[in-house]
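# Coordinates in review
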Amino acid sequence: MAEHEHVRVAVIGSGFGGLGAAVRLRREGITDFVVLERADGVGGTWRDNTYPGCACDVPSHLYSFSFAPNPEWPRTFSGQEHIRAYLEHVAEVFRLRPHLRFGCEVKRMAWNAQQLRWDIETSGGSFSADVVVSATGPLSDPKMPDIPGLDSFPGAVFHSARWDHDYDVRGKRVAMVGTGASAIQIVPSIQPDVAKLVLFQRTPAWVMPRVDRAISGPERSLHRALPFTTKLRRGLLWGIRELQVQAFTKRPNELGFVEQLAKYNMARAVKDPALRAKLTPDYRIGCKRILLSNTYYPALARPNVDVVASGLAEVRGSTVVAADGTEAEVDAIVFGTGFHVTGMPMAERVVGADGRTLAESWSEGMKGLRGATASGFPNWMTIIGPNTGLGNSSMILMIESQLNYMADYLRQLDVLGGRVALDARPRAVEAWNHTVQERMKRTVWNTGGCTSWYLDANGRNTTVWPGTTTEFRNATRRVDLGEYEVLRAPRAGAAAATEEQIAAAEARA
Ligand SMILES: Cc1cc2nc3c(=O)[nH]c(=O)nc-3n(C[C@H](O)[C@H](O)[C@H](O)COP(=O)(O)OP(=O)(O)OC[C@H]3O[C@@H](n4cnc5c(N)ncnc54)[C@H](O)[C@@H]3O)c2cc1C
């Protein structure tokens, strides 16, 4: 690897976001770019999450790139190994390998106002880039709670996103902490094999049936022979979800009907009224992500499972102790406790034009412009940035909208010509966030009576997009230059100048 490499674009991360950006760059005719990845392979989420039962919870034909349809999806909700293989395939087919730089964890990157570029230090060498596209993922850095006594636990301890495959759970007593999307996939997968499963549930989840089945050979042949059928299938899956959005964003009361279905789903599998009471949420369905499973409730009803309706509070030797005082002796603790989402770990490593980090700039909460850029961080954009998450549909739709924005951003830089950078105007950022937060007030995520990882420490929802994916697509089709300050490279020794300053100086001259 070169000691120092300068590129036009540095993409960080090689999950759906980073690989999608790389494909789009090539399609725009840009080949002067690298993809910096801290791990030793592509896949992001689908490389790191290898826990038993790991699968997508949005149907595969929608949870994949529109430009890389896959007629071979084996199931309606395919497993982790198939999604990872799909991403490897994308890297191969779109010839991304020469651009990938593995073992390059970005440690720090700083805006160089003289050169109008980003100086990037990684664990695998230094780089500089005119533009940075940060696709480090919203669910990439596992969150481990600080539990007193955990250090002294003699057994195995690991997070769902870093499953310890050397540890054999068969015949063991296992504590599962958390009831989120990962936990509800893990529980039914390990329950038949473990001696005892103790589930620590701080808040119960609403769980709906998952219409999961193998995609038959004839169906796959049809998709292969007639590619428009894959598109049609994708279109239907998208349309159904798009129609649901209004209930989440404007009329949460309509979700009451869905709540009844979820209760029926539970009642079918859980006959014990005391257990049903423990598992019934006290908030509006949709406030937290609605989880899909046909096997979670039946697993909880098995005799080797104990549901503790309380969070894990302490560990004493091999005894795990819940906040309500319940104790259990276990051999292993698995944390399904989610990720650092609203904190965005990468933000601490990005140093902007005024010497402050992005984390400092966002100390009162993440604030982006159209989910992509941030004021004071010129030519930096992020994929799945603030308020781009979805409660009910595929994140790939949002990623592809952001790739449109990225492509237009790069085109605008070309049109402006010379060494140039765009910096989001604070006024534009404020206006965008004001609109988003106003719309957020009526949503189920803000009114449904739950606390969730969608909300930051100030209770502000900086995670979810309060609209349809079509609205986001329209909002990110083009870069509005009025929302940006245009920075031009200074002459030697001078400070960076804005377009207005240059025009004023020229007028004076
Ligand atoms: C278990 C699980 C299931 C999910 N299921 C669904 C689903 O069904 N539907 C859906 O829409 N969404 C789902 N998601 C959300 C999922 O995260 C997104 O859909 C999508 O995969 C995110 O892609 P990404 O490229 O933005 O991030 P990631 O896939 O997280 O990739 C980020 C990459 O950046 C790298 N990276 C991070 N920091 C650095 C650094 N400092 N330097 C260099 N590299 C770095 C990471 O190693 C990683 O490879 C799921 C998430 C999880 C965890």
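Residues numbered from 1 in each chain as written. Predicted model: local features only at pLDDT ≥ 70, side-chain atom pairs only at ≥ 80, totals over all residues.

In terms of helices and strands, the protein carries 15 helices and 21 strands. Radius of gyration (C-alpha) of the protein: 24 Å, near the 23 Å computed for a compact globule of 509 residues. On the principal axes, the C-alpha backbone points of the protein span a range of 85 × 55 × 45 Å. Taking the contacts inside the protein whose residues are at least 6 apart along the sequence as the reference set, 72% of them involve residues at least 24 apart. (Helix = DSSP H or I, 4+ residues; strand = E, 2+ residues; numbered from the N terminus. Rg over C-alpha atoms; globule rule 2.2 N^0.38 Å. Contact = placed C-beta atoms within 7 Å.)

Another point: the pairing of strand β4 (residues 106-112). Where β4 meets strand β5 (residues 117-122), six bridges bridge the pair, whose relative direction is antiparallel. Bridge pairing in β5 links Ala110 to Asp119. The hairpin formed by β4 and β5 contains four residues between the paired strands, and Leu116 there has a positive phi angle of roughly 50 degrees. Note: β4 against strand β17 (residues 350-351), two bridges, orientation parallel. Bridging across to β17, Ala110 finds its partner in Val351. (Pairing = 2+ DSSP bridges.)

Here we come to the site of the ligand. Near the ligand you find 33 residues, and of these Gly13, Gly15, Gly17, Gly44 and Gly137 are the closest. Broken down by element, the residue count for the shell around the ligand peaks at three residues, all from helix α1 (residues 16-27). Tallied by class, residues from the shell around the ligand come to 16 nonpolar, 13 polar and four charged. (Near = placed C-beta within 6 Å. Nonpolar A, V, L, I, M, F, W, Y, C, P; charged D, E, K, R; others polar.)

So, about the nonpolar core. One finds Ala10, Val11, Val133, Val174, Met176 and Val187 to be the most contacted residues of the largest nonpolar core, which totals 132 residues. Looking at which element gives the most residues to this core, the answer is helix α11 (residues 395-416), with nine residues. Here Val187 is in contact with Met176, Leu197, Leu199, Tyr296 and Ala299, once residues within four sequence places are set aside. (Core = buried A, V, L, I, M, F, W, Y, C linked by C-beta atoms within 7 Å. Buried ≥ 20, exposed ≤ 12 C-beta atoms within 10 Å, placed from the backbone.)

A few words on the environment of Thr469. Mapped onto the elements of the fold, Thr469 is located in helix α14 (residues 469-475). By C-beta crowding, Thr469 is classed as buried, having 22 other C-beta atoms within 10 Å. Residues Thr469 and Ser78, spaced 391 residues apart in sequence, show a C-alpha to C-alpha distance of 23 Å. Every residue in contact with Thr469, bar those within four places of it in the chain, is listed here: Glu242, Ser393, Leu397 and Met398.

Our focus in this paragraph is the environment of His99. Looking at where His99 falls in the secondary structure, it is placed in the loop between α3 (80-93) and β3 (100-101). Between the C-alpha atoms of His99 and Met109, which are 10 residues apart in sequence, the distance is 19 Å. If sequence neighbours within four positions are ignored, His99 has contacts with Ala22, Phe33, Val34 and Val35.

Once that is clear, we can look at the sheet that holds strand β13 (residues 312-316). One key point about sheets: their strands pair by backbone hydrogen bonds, in either a parallel or an antiparallel sense. Spatially, the three strands line up as an open sheet ordered β13-β14-β15, and their pairing is antiparallel. The open sheet is flanked by β13 and β15 (327-329), the only strands paired with a single partner. Strand-to-strand, the axes of this sheet are offset by a mean angle of 25 degrees, without reference to chain direction. (Axes fitted to C-alpha atoms, helices over the stretch in contact; angles between N-to-C directions.)

With that out of the way, let us pick up the domain arrangement of the protein. Frequently, the measure chosen for interface size is the accessible area that the parts lose on association. Partitioning the protein into domains gives domain 1 (4-141 + 340-505) and domain 2 (150-211 + 241-335). Placing a centre on the C-alpha atoms of domain 1 and another on those of domain 2 gives a separation of 32 Å. Taken residue by residue, the interface counts 29 residues in domain 1 and 29 residues in domain 2. For the side of domain 1 that touches domain 2, the secondary-structure elements that each account for two or more residues are α13 (444-447) and α14. Looking at the side of domain 1 that touches domain 2, the element that brings in the most residues is α13, giving three residues. (Domains from an automatic or database assignment.)

The sheet built from five strands is open, its strands ordered β7-β16-β8-β9-β12 with parallel pairing. Strand pairing shows two members of the sheet lacking a second neighbour, β7 (156-159) and β12 (305-308), which therefore form its edges. Geometrically, the sheet is characterised by an average inter-axis angle of 15 degrees between neighbouring strands, direction not taken into account. With four bridges connecting them, β7 and strand β16 (residues 332-335) associate as parallel partners. Counted as the bridge partner of Val157 is Ile333 from β16. This element, helix α4 (residues 183-190), spans β8 (173-177), β9 (196-200) and β16 of the sheet and lies at about 165 degrees to β8.

In terms of residue burial, α4 counts as a mostly covered element, since seven of its eight residues are buried. For α4, the complete set of buried residues consists of Ala183, Ile184, Gln185, Ile186, Val187, Pro188 and Ile190.

Keep in mind that most residues, glycine aside, have a negative phi and that most peptide bonds are trans. A positive phi angle is found at Arg95, which is not glycine, with a value near 55 degrees. Relative to the helices and strands, Arg95 is located in the loop between α3 and β3. Taking the number of C-beta atoms within 10 Å as the measure of exposure, Arg95 has 12 and is therefore exposed.

Before going further, it helps to spend a moment on the packing of α1 against α3. Relative to each other, α1 and α3 sit at 20 degrees, their axes nearing to 10 Å. One element, α1, and the other, α3, form an angle in the roughly parallel class. Two packed elements cross with a definite hand, and for α1 against α3 that hand is left-handed. Across the interface between the two elements, Phe16, Leu19 and Val23 from α1 touch Leu87, Val90 and Ala91 from α3. Across the contact of α1 with α3, the residue classes break down as six nonpolar, no polar and no charged. (Parallel < 35°, antiparallel > 145°, perpendicular 65-115°, else oblique. Left-handed = near helix turned anticlockwise from the far one by under 90°.)

This paragraph deals with α3. Here α3 spans 20 Å end to end across 14 residues, near enough to the 20 Å set by a 1.5 Å rise per residue. Next to the buried residues of α3 lie α1 and α2 (45-48). Two residues or fewer after α3 comes Arg95, characterised by a positive phi angle close to 55 degrees. (Expected span 1.5 Å × (residues − 1).)

So, on to the environment of Ile186. By secondary structure assignment, the location of Ile186 is in helix α4. The sequence separation of Ile186 and Met176 amounts to 10 residues, and the corresponding C-alpha distance is 8.7 Å. When sequence neighbours within four positions are dropped, the list of residues in contact with Ile186 reads Tyr51, Pro52, Gly53, Ser160, Met176, Val334 and Gly336.

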